[in-house]
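Single-letter residue listing:
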Amino acid sequence: MLWGPVLLLLLGAAVGLPGLRDHRQVARNVTRLLDDLLATDRYDKRIRPDFGGPPVKITVNMYIKSIGPVSETDEWYAMDCYFRQKWFDSRLRFNLTGLDEFSMNWLFLERVWKPDTFFMNGKKSYLHRITVPNKFLRIRSDGFLTYSMRLTIKASCKMHLRKFPLDSQNCPLMIGSYGYSAADVIYEWPDSLEPVGLEPGVSLAQYDLVNITTDTENARDQLRVRRADRRIAEDFSVIRVNFHLKRMTGYFMLQVYVPCTLIVSCSWVSFWIDPDAVPARVSLGW
């Protein structure tokens, strides 16, 4: 009577062994593949892809989780977003049966080349690190890499307050490479994908986010780097996203305009009082 359950357990284990062996074999194949791709005699993370050839094209897109606050006195704004960069690295092409793409965590990022992207008008930005650094890398079989991070960005924004509180503001975010010139790295927005996405329901305390526009420009006017040996200015590739904000006037109507209007209207009551009642007229006028 005891052999029946034992035979069933052995039969189940025998049936499950091929699947277990397959998973272990796939893991060994991926480990071997990564070791081959990142071998020091084959791959150097200090050198950009296609070094000596055409510049690397970095495609950037963003997804904004929240935006605000906006400081008029210090002229800055903040937002929380997913920041994604995509590019091709032919050195990381692979051919593995049954696997076209795999994702790697933040530890793997230290072993591959990445663009030195920075925000030209940034003031104080940081990467989220709880519970681990919020970034990952996805590699495709044709050498296409996707690098994603979650950032909180604080950027400067020149405020024009001549029409306050009926003003509108245009707050830009300029993105480029800190060390690579346009001869090595070019930034661009995607054509088939929305460059800047917005989480549904995102709102600001005192502003309406009217529109988000993107453009690409030459950064000669924004950033000049002079080398000590050549003393020439290099052109840097820069992309820009503009956040168009319009101040909501409801708060100021209720807190400023309506009280001031009522005060002025009350002061007119003194003109409806009999001129002979001077003391009453003077006291109400004051």
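Everything below is about the structure shown above.
We now turn to the structure provided with this report. Owing to the predicted nature of the structure, the values given are computational and were not obtained by experimental measurement.

Next up on the list: the environment of Thr-146. With respect to the helices, strands and loops of the structure, Thr-146 is situated in strand β7 (residues 144–156). For the pair Thr-146 and Phe-136, spaced 10 residues apart in the sequence, the C-alpha separation amounts to 8.2 Å. Sequence-distant contacts of Thr-146, that is, excluding residues within four places in its chain, are made with Gln-85, Lys-86, Phe-136, Leu-137 and Arg-138.

This structure, assessed with the given rule, holds 10 salt bridges. Residue Glu-72 pairs with Arg-247 through a salt bridge whose shortest N-O separation is 3.1 Å. Of this pair, Glu-72 sits in the loop between β1 (56–71) and β2 (76–88) while Arg-247 is found in strand β12 (residues 237–247), placing the two residues 175 residues apart along the sequence. Accessibility expressed as a relative area gives 22% for Glu-72, which makes it partly exposed. Judged by relative accessible area, Arg-247 falls into the buried class, the value being 3%. A single salt-bridge network, built from bridges that share partners, covers Glu-72, Asp-167 and Arg-247.

So, about helix α2 (residues 250–267). A rise of 1.5 Å per residue sets the reference length of α2, with its 18 residues, at 26 Å; its end C-alpha atoms lie 25 Å apart and thus fit the reference within 8%. Its axis deflected by about 30° at Tyr-257, α2 carries its strongest bend there, up to four residues before the proline Pro-259.

A few words on unusual backbone geometry. For the bond running from Gly-68 to Pro-69, omega is 5°, close enough to zero to count as cis. With an omega of 0°, the peptide bond running from Ile-130 to Thr-131 counts as cis. Relative to the helices and strands, Thr-131 resides in the loop between β5 (126–127) and β6 (135–140). One non-glycine residue, Asp-50, lies in the positive phi region at around 55°. Inspection of the secondary structure assignment puts Asp-50 in the loop between α1 (3–37) and β1. Under the relative-accessibility criterion, Asp-50 is labelled partly exposed at 41%.

Counted by the stated rule, this structure contains eight aromatic pairs. For the pair Trp-87 and Trp-113, a centre-to-centre distance of 5.9 Å together with 85° between the ring planes defines the contact as edge-to-face. Placement of the pair is Trp-87 in strand β2 and Trp-113 in the loop between β3 (101–104) and β4 (117–119), with a sequence separation of 26 residues. The class of Trp-87 is buried, set by a relative accessible area of 0%. Ring centres of Phe-118 and Tyr-178 lie 5.2 Å apart, and the angle between their planes is 90°; on these two criteria the pair is classed as edge-to-face. Here the residue Phe-118 occupies a position in strand β4, and Tyr-178 occupies one in the loop between β8 (168–177) and β9 (185–188), the gap between them amounting to 60 residues.

So, how was this worked out
Residues numbered from 1 in each chain as written. Predicted model: local features only at pLDDT ≥ 70, side-chain atom pairs only at ≥ 80, totals over all residues. Heavy atoms only, no water. Helix = DSSP H or I, 4+ residues; strand = E, 2+ residues; numbered from the N terminus. Contact = heavy atoms within 4.5 Å. Salt bridge = Lys/Arg side-chain N within 4 Å of Asp/Glu carboxyl O. Buried < 20%, exposed > 50% of the residue type's maximum accessible area, 1.4 Å probe, protein only. Expected span 1.5 Å × (residues − 1). Bend = angle between axes of the 7 residues up to and from the residue. Phe/Tyr/Trp six-rings, centres within 6.5 Å; stacked < 30°, edge-to-face > 60°.

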